[in-house]
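Survey of secondary and tertiary structure
Below are the chains, spelled out letter by letter.
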Amino acid sequence: MAWDFETDPDFQEKLDWIDGFVKHKVEPLAHLGFHPADVKNPRHRAIVKPLQEEVKAKGLWACHLGPELGGKGYGQVKLGLMNEILGRSAFAPTVFGCQAPDTGNAEIIAHYGTEEQKEKYLQPLLDNEIVSAFSMTEPQGGSDPLLFTCSAVEDGDEWVINGEKWFSTNAKWSEFLIVMAVTDPDGEPYRRMSMFIVPTKTPGVEIVRDVAVYGQQEGSEGYVRYTDVRVPKDHLLGERGGAFVISQTRLGGGRIHHAMRTVGSCKRALDLMCRRAASRRTRDGVIADKQAVQMQIADSYMELEQFRLYVLKTAWMIDKYKDYKKVRKDIAAIKALMPKVYRDIAGRALHIHGSLGVSPEMPFAGQVIGSYVMGIADGPTEVHKVTVARQHMREYRNISDPIFPEYSNPQLKEAALEKYGDLADTVRDLAETAGAD
C-alpha cells in the first residue's frame, strides 16, 4: 500500500536549494523594472541568463520536459512541489524554464511541428532565447470556441487568416503565435477549428494594443488583428479540425500548473499576514493576540492546506493514469477552487496590513486582482464548475428513484426489521428474562 505524505530525501534537498535560490536571487528581480518575457532586453540577458545557467548546472532546467527535449521528465507531483516555491515569484518560472505560455506551445510544436519549425522555433523557445503567444480568445466570444469567428481559408499552397484575437499573452515580445482559427464553419461543433503557427512578423499581423491587467505598469496582453495573413500549408499544426483536442491537452497541464504556483502565492500571502500580525501593535499588544485576527489566520491556513492537498492528489492522479481525460473532473475542480482560495487569503493579508496593504508598496492588491485573473484565464470558474457537476453526475445517470426512495428512514427501518427482526426479538426476550432473574 502506497500512501505517503513525505518527500524523498534526495528530492527534498533539491527543493531546499530551489527555496533558497528563489528567495535570495530570483525574488529581487521583480523590482528591477523589466518583464520576464522581455528576453531581448539587455538587462534580461545580463541578469536572468546567468541565473538560468545556475539552474541548468543543478539539473533543474525545464523539468516538465522529457530527456529528449533537455528536461528531467518529472511527474506532476514533483512539479507540484517545485511550483509551490516558484509561485512566489513572477520571474521564477522563466529562470527555471517552465514559463507559460511557452511550455504549452513548445509541447504542441514538439508533437505537431515540422522538422524545420522545430529547428527554427522549438529549440530557441526551450532555451528561452525567444518567447511565444497562444492566440485563442476572441473579443466577441471570450474563450468559448463555438463562438469564434477568426477564420483560415485555403488558397493554393497557403492558408489565409482573418479575424481578431484578445488577450494573447506576451504577443508583443513573441517570435510566433499559435492561432486557433475556424477552417470548417459547417463542421461538427468541436471539429470546426484548426491550429496554426504564425510568425509574428508575417504581413497582416497587427498588435492593435497591449492591454494591461489593472495595476500593471505596462500591458502584456495582446489585442491582435489578422488581416489576410498568409502562412504555408505546413503551418497547420496537427490535423485539420483538431484544434479543440490539442488545446484541451495543452490547457489541462496548464491549469494544474497554475494551481501549483497559486499554492506558492497563497503561502507567501499567509506568511506575510502572520509576520504583520506578530509585529503590529495596538495599545494593548500585538494584533496576533486578537481573536478576530486569529480567525483570519486559521481560516487561511485551513483553506491553503485543503487546497494544497487536493492539488497534489490531482497531480498524483495524472502521474498514475497518464491521461488528462481521466482526471478532467479534478483538474476542473482545482481550477474552480483556485481563485477563491487565492482571493480570500490575499484579501485577509491585505486587510491585516491596513492602509499599507492597499498601497502599491505591498503585493496584496495585485494578488487580489490576480485571483480574478485566475478565475477567467483558461476558462471561467463557472464553466469548470459545470464540468465538475456533469462529470460527477455520470455516476448517477442510470438512477431513477421513486418519490419515497429506498434510503428514506421508513424504508430503511422496514428493511432492517426484515433482516434482523427475529434476532432482535430474541435478544429482547433474553434481556427481559435476565432482568426478571
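Residues numbered from 1 in each chain as written. Predicted model: local features only at pLDDT ≥ 70, side-chain atom pairs only at ≥ 80, totals over all residues. Heavy atoms only, no water.

With that settled, the discussion passes to the overall build of the chain. Along the chain, the regular secondary structure elements total 12 helices and 10 strands. On the principal axes, the C-alpha backbone points of the chain span a range of 100 × 65 × 40 Å. Counting all 437 residues of the chain, 45% fall into the buried class. Long-range contacts, defined here as pairs at least 24 residues apart, represent 70% of the contacts in the chain between residues at least 6 apart. For the chain, the exposed area adds up to about 23,500 Å²; of that, 54% sits on carbon and sulfur atoms. The chain carries 54 positive and 61 negative side-chain charges, and their two centres are separated by 5 Å. (Helix = DSSP H or I, 4+ residues; strand = E, 2+ residues; numbered from the N terminus. Buried < 20%, exposed > 50% of the residue type's maximum accessible area, 1.4 Å probe, protein only. Contact = heavy atoms within 4.5 Å. Areas by Shrake-Rupley, 256 points an atom, 1.4 Å probe, with all protein chains shown as cover. Lys, Arg positive; Asp, Glu negative; His and termini not counted. Charge placed at Lys NZ, Arg CZ, Asp CG, Glu CD.)

A word on the nonpolar core. Of all hydrophobic cores here, the largest spans 82 residues; its most connected members are I18, V95, F96 and M195. The biggest single contributor to this core is helix 7 (residues 243–279), with 12 residues. A133, I161, L177 and V229 belong to the second largest nonpolar core, which has 17 residues in total. (Core = buried A, V, L, I, M, F, W, Y, C linked by side-chain atoms within 4.5 Å.)

Pairs can form between side chains of opposite charge whenever their charged atoms are close. Across all of its chains, the model carries 24 salt bridges by this definition. A salt bridge links E129 to R45; the shortest N-O distance between them is 3.6 Å. With E129 in the loop between helix 6 (115–126) and strand 1 (131–135) and R45 in helix 2 (residues 42–57), the pair connects residues that are 84 residues apart, well separated along the chain. Each of E154, D184, K233 and R240 takes part in salt bridges that share partners, so that together they form one network. (Salt bridge = Lys/Arg side-chain N within 4 Å of Asp/Glu carboxyl O.)

This brings us to the environment of L15. With respect to the helices and strands, L15 occurs in helix 1 (residues 9–26). Considering only alpha carbons, one finds L15 and L417, 402 residues apart in sequence, at a separation of 59 Å. Not counting residues within four places of it along the chain, the set of residues in contact with L15 comprises T7, L81, M82 and I85.

This paragraph deals with helix 10 (residues 364–374). Of the positions making up helix 10, those classed as buried are F364, Q367, V368, G370, S371 and M374. For helix 10, the angular spread of buried residues about the axis comes to 160°, placing them on one side. (Arc of directions from axis to C-beta.)

The next point concerns the packing of aromatic side chains. Remark: the centre distance and the inter-plane angle together describe each pair of aromatic rings, the angle taken between the planes. Under the definition given, this model contains nine aromatic pairs. On the numbers, 4.6 Å between centres and 15° between planes, the contact of W17 with F21 is stacked. With W17 and F21 both in helix 1 and four residues apart, this pair spans about one turn of that helix. A relative accessible area of 23% means that W17 is categorised as partly exposed. For the ring pair W166 and F167, a centre distance of 5.3 Å and an interplane angle of 35° mean the geometry is tilted. Of the residues examined, W166 reaches a relative accessible area of 26% and is grouped as partly exposed. Ring pairs connect the aromatic residues W17, F21 and F96, which therefore count as one cluster. Between the NZ or CZ atom of K165 and the centre of the ring of F148, over which it lies, the distance is 4.4 Å. The ring of Y372 carries the charged tip of R343 above its face, separated from the ring centre by 4.5 Å. (Phe/Tyr/Trp six-rings, centres within 6.5 Å; stacked < 30°, edge-to-face > 60°. Lys NZ or Arg CZ within 6 Å of the ring centre and 35° of its normal.)

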